[in-house]
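Notes for the structure review
Chain by chain, the residues run as shown.
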Amino acid sequence: MARIAGAVTTSHIPAIGNAIARGLQDQPYWKPFFDGFHAVRQWLQEVRPDVAVVVYNDHGLQFFLDKMPTFAIGAATEYLNADEGWGLPTLPPYRGDPEFSWHLIESLVADEFDLTTCQEMYVDHAFTVPLKLMWPDGPTCPVKTVPVAVNTIQHPLPSPARCLKFGAALGRAIESYDEDLKVVVIGTGGLSHQLDGERAGFINRDFDLMCMAQIVDQPQALTRYSIHELVEQAGTQGVELINWLVARGALTGRVRKLHSNYHIPISNTASGLMLLENAA
Amino acid sequence: MRVIQRAAGAQPEIPGTTLFDGRQAMKGYALNKMCFSFNSAENRADFVKDEEAYCRKFGLNEPQRDAIRRRHVLDLIAAGGNIYYLAKFAGIFGLGVQDVGAQQTGMSVEAFKQKLVDAGR
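A short tour of the structure in this document, coming up. Values in this document were obtained by computation on a predicted structure and should not be read as measured data. Residue positions are given per chain, counted from 1 along the sequence in the order it is written. Chain letters start at A and ligand numbers start at 1, both assigned in the order the entries are written. This being a predicted model, a pLDDT of at least 70 is required before a residue's local features are given, and a value of 80 or more before pairs of side-chain atoms are given or counted; all residues contribute to the totals for chains, interfaces and linings. With hydrogens and water excluded, all non-hydrogen atoms of the structure serve as input to the side-chain values.

1. Some details on the overall build of chain A
Convention followed: Starting at the N terminus, helices and strands are each numbered in turn, a helix being any DSSP run of H or I of at least four residues and a strand any DSSP run of E of at least two. A radius of gyration in this sense is built from C-alpha atoms; the matching globule rule multiplies 2.2 Å by the number of residues raised to 0.38. Think of it in three bands: residues with accessible area under 20% of the maximum for their type are buried, residues over 50% are exposed, and the middle band is partly exposed, with areas taken using a 1.4 Å probe on protein chains only. Only heavy atoms enter the contact rule, under which two residues are in contact if any of them lie within 4.5 Å. Every accessible area reported is derived by Shrake-Rupley at a probe size of 1.4 Å, with residue values counting cover from the shown protein chains alone. In this tally Asp and Glu are treated as negative and Lys and Arg as positive; neither His nor the chain ends contributes. Where a charge lies is defined by one atom per residue type, namely NZ (Lys), CZ (Arg), CG (Asp) and CD (Glu).
A count of helical and extended segments in chain A gives 9 helices and 10 strands. Since a compact globule built from 280 residues should have a radius of gyration of about 19 Å, the 17 Å found for chain A is in line with a globular shape. The dimensions of chain A, computed from C-alpha atoms along their principal axes, are 45 × 40 × 40 Å. Here chain A holds 280 residues, and 64% of them are scored as buried. Intrachain contacts of chain A at a sequence separation of at least 6 include 82% that bridge at least 24 residues. On chain A, roughly 10200 Å² of surface is accessible, and the fraction owed to carbon and sulfur atoms is 48%. Placing the 20 positive and 31 negative side-chain charges of chain A at their respective mean positions leaves the two points 7 Å apart.

In structure tokens:
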């Protein structure tokens, strides 16, 4: 049976992609951020997962407002990155695992999560940057992937409560797969930031640190927030925390925090990183 | 009824913040569709070659075209623009989210960046 080894939750800021491309990891601005990933890489080398299920939000590479799925999942043999319009280098394709994807889809829909299925799916920086942070060596990502996209663009967005439940269903779906796959679930985005409006540049350290503390043992506590309250507390893009809640929800075993890092700022964002082990 | 009232915007406003909801999505559809097209380098070049013709092709209304001409992010948002798509418009001019943040807050880019750094102290 497939087993979830743990979850990694991390910010996915595009500027990180540029910093990697330009080799800026050791510069003073970037070092406190990149250094946070050593422990995660070491854990991944020990655990050696076969598949990464990546919960992220598309920023207008794959989805437009003509059709905007609340939850979408990839079921393709490969996923392409492409030009997002602001000069990030395009990364090589990511391998998929369509059989595993279809199992997840069957299980999730049976579990009353009726998501959009994608046999072609472009993946943007919110998917590629975290994978590059976790597996920096080599031109291609060494694990197979399943992209799971959550709408954070067009309100109404799925509530934190809904996302935690979706994560739990995703966890059940993963662990009911017949093959002996080792799976890591990755939740990307956040933490507090706001790109738009007169409130651009908004950061809320206290709220972020509270979320990072609660998400380990008390993720339910975060479901009392509405999306509106989340925007108020974490900024318009800080709502990406819901992707973290999906990833956290997927962990059904004994959850233990192995590592975390929090650093302000990367670009306009308070960056957060957590490594959660999911012991049987 | 309660749900409908909430959906219609009964929630308290968050200062300096526009939630991109169905109303904004309808209002800004043409503008955002144009910005979505800027994923393609060829389309970005077409826009640069003849901005007015490109805006016409996507059917932007006058406030949207005016805000595009002035590269005015707050007015683009007021005209229904969504920041994720607008970022692709900004990208044509080599501007990132910190340039966009500075413009919206009326700060210099340096001051805006410093504000972010200070938030970490």
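2. So, the packing of aromatic side chains
The cut-off we apply is this: Here a pair means two rings of Phe, Tyr or Trp (six-membered ring of Trp) with centres within 6.5 Å. Their orientation is stacked below 30 degrees between planes, edge-to-face above 60, and tilted elsewhere. Here, a charge over a ring is recorded when the distance from Lys NZ or Arg CZ to the ring centre is within 6 Å and its angle to the ring normal is within 35 degrees.
Using the criterion set out here, one finds 22 aromatic pairs over all chains in the structure. Ring plane angle 20° and centroid distance 4.1 Å describe the contact between Phe71 of chain A and Phe166 of chain A, whose orientation is recorded as stacked. Of the two residues, Phe71 of chain A sits in strand E3 (residues 71-74) while Phe166 of chain A sits in helix H6 (residues 160-175), which places them 95 residues apart along the sequence. Exposure class is identical for Phe71 of chain A and Phe166 of chain A. Each is buried. Between Phe100 of chain A and Tyr177 of chain A, the aromatic rings sit 4.8 Å apart at their centres with planes inclined by 50°, giving tilted as the arrangement. Of this pair, Phe100 of chain A sits in helix H4 (residues 98-110) while Tyr177 of chain A sits in the loop between H6 and strand E8 (182-188); the two residues are 77 residues apart in sequence, bridging distant segments of the chain. For the residue pair Phe100 of chain A and Tyr177 of chain A, the accessibility class agrees, reading buried in each case. An aromatic cluster is defined as three or more aromatic residues linked by ring pairs; in this entry it consists of Phe38, Phe47, Tyr54, Phe58, Phe89 and Phe93 of chain B. Directly above the ring of Phe202 of chain A sits Arg199 of chain A, whose terminal nitrogen or CZ lies 3.9 Å from the centroid. Here Lys88 of chain B stacks its cationic end above the ring of Trp86 of chain A, 4.9 Å away from the centre of that ring.

3. Observations concerning the environment of Asn151 of chain A
Residues and elements named next belong to chain A. Threshold: Here a polar contact is taken to be a pair of N or O atoms separated by no more than 3.5 Å, where protein atoms must pair a possible hydrogen donor with a possible acceptor and residues adjacent in sequence count only if both atoms sit in side chains.
For Asn151, the location among the structural elements is in the loop between strand E7 (144-150) and H6. In sequence terms Asn151 and Asp66 are 85 residues apart; their C-alpha atoms lie 13 Å from each other. With residues near it in sequence (within four places) discarded, Asn151 still touches Met68, Pro69, Thr70, Pro156, Leu157, Pro158 and Ile242. A distance of 2.8 Å separates a polar atom in the side chain of Asn151 from the backbone oxygen of Gln154.

4. A word on the interface of chain A and chain B
Under the convention used in this document: A pairing counts as a salt bridge when a side-chain nitrogen of Lys or Arg comes within 4 Å of a carboxyl oxygen of Asp or Glu. Under the scheme applied here, ten amino acids are nonpolar (Ala, Val, Leu, Ile, Met, Phe, Trp, Tyr, Cys and Pro), four are charged (Asp, Glu, Lys and Arg), and all others, including Gly, are polar.
Counting residues at the interface gives 40 residues for chain A and 44 residues for chain B. Linking chain A with chain B are 1 salt bridge, by the criterion used here. Viewed at the interface, chain B and chain A are joined by 17 residue pairs in polar contact (both at pLDDT 80 or more). With 3 residues, helix H8 (residues 227-234) of chain A is the largest single contributor of residues to the side of chain A that touches chain B. Here the side of chain A that touches chain B is built from residues that sort into 13 nonpolar, 18 polar and 9 charged.

5. Some details on the state of the cysteines
Residue and element names in this part refer to chain A. What counts is decided by this rule: Any two cysteine sulfur atoms within 2.5 Å of one another count as a disulfide.
Applying the stated criterion across every chain yields a total of 0 disulfides over all chains. Left without a disulfide partner, Cys163 is nearest to the cysteine sulfur of Cys211, which lies 13 Å away. The buried category is assigned to Cys163, whose relative accessible area is 0%.

6. Focus: the packing of helix H3 (residues 29-37) of chain B against helix H8 (residues 83-92) of chain B
All names here are of chain B. Using the following cut-off: To define axes, lines are fitted to C-alpha atoms, for helices over the stretch in contact only, and angles between the resulting N-to-C directions are given on a 0 to 180 degree scale. Should an angle fall under 35 degrees it is taken as roughly parallel, and over 145 as roughly antiparallel, whereas 65 to 115 is taken as roughly perpendicular and any remaining angle as oblique. With the far helix as reference, a near helix turned anticlockwise by less than a right angle produces a left-handed crossing, and one turned clockwise produces a right-handed crossing.
Contact pair H3 / H8: the axes reach a minimum separation of 8 Å and the direction vectors enclose 50°. On the basis of their axis angle, the class for H3 and H8 is oblique. As H3 runs across H8, the sense of the crossing is left-handed. Taken together, the residues of H8 that come into contact with H3 (itself represented by Leu31, Asn32, Cys35 and Phe36) are Tyr85, Leu86, Lys88 and Phe89. Considered class by class, the residues forming the contact of H3 with H8 number 6 nonpolar, 1 polar and 1 charged.

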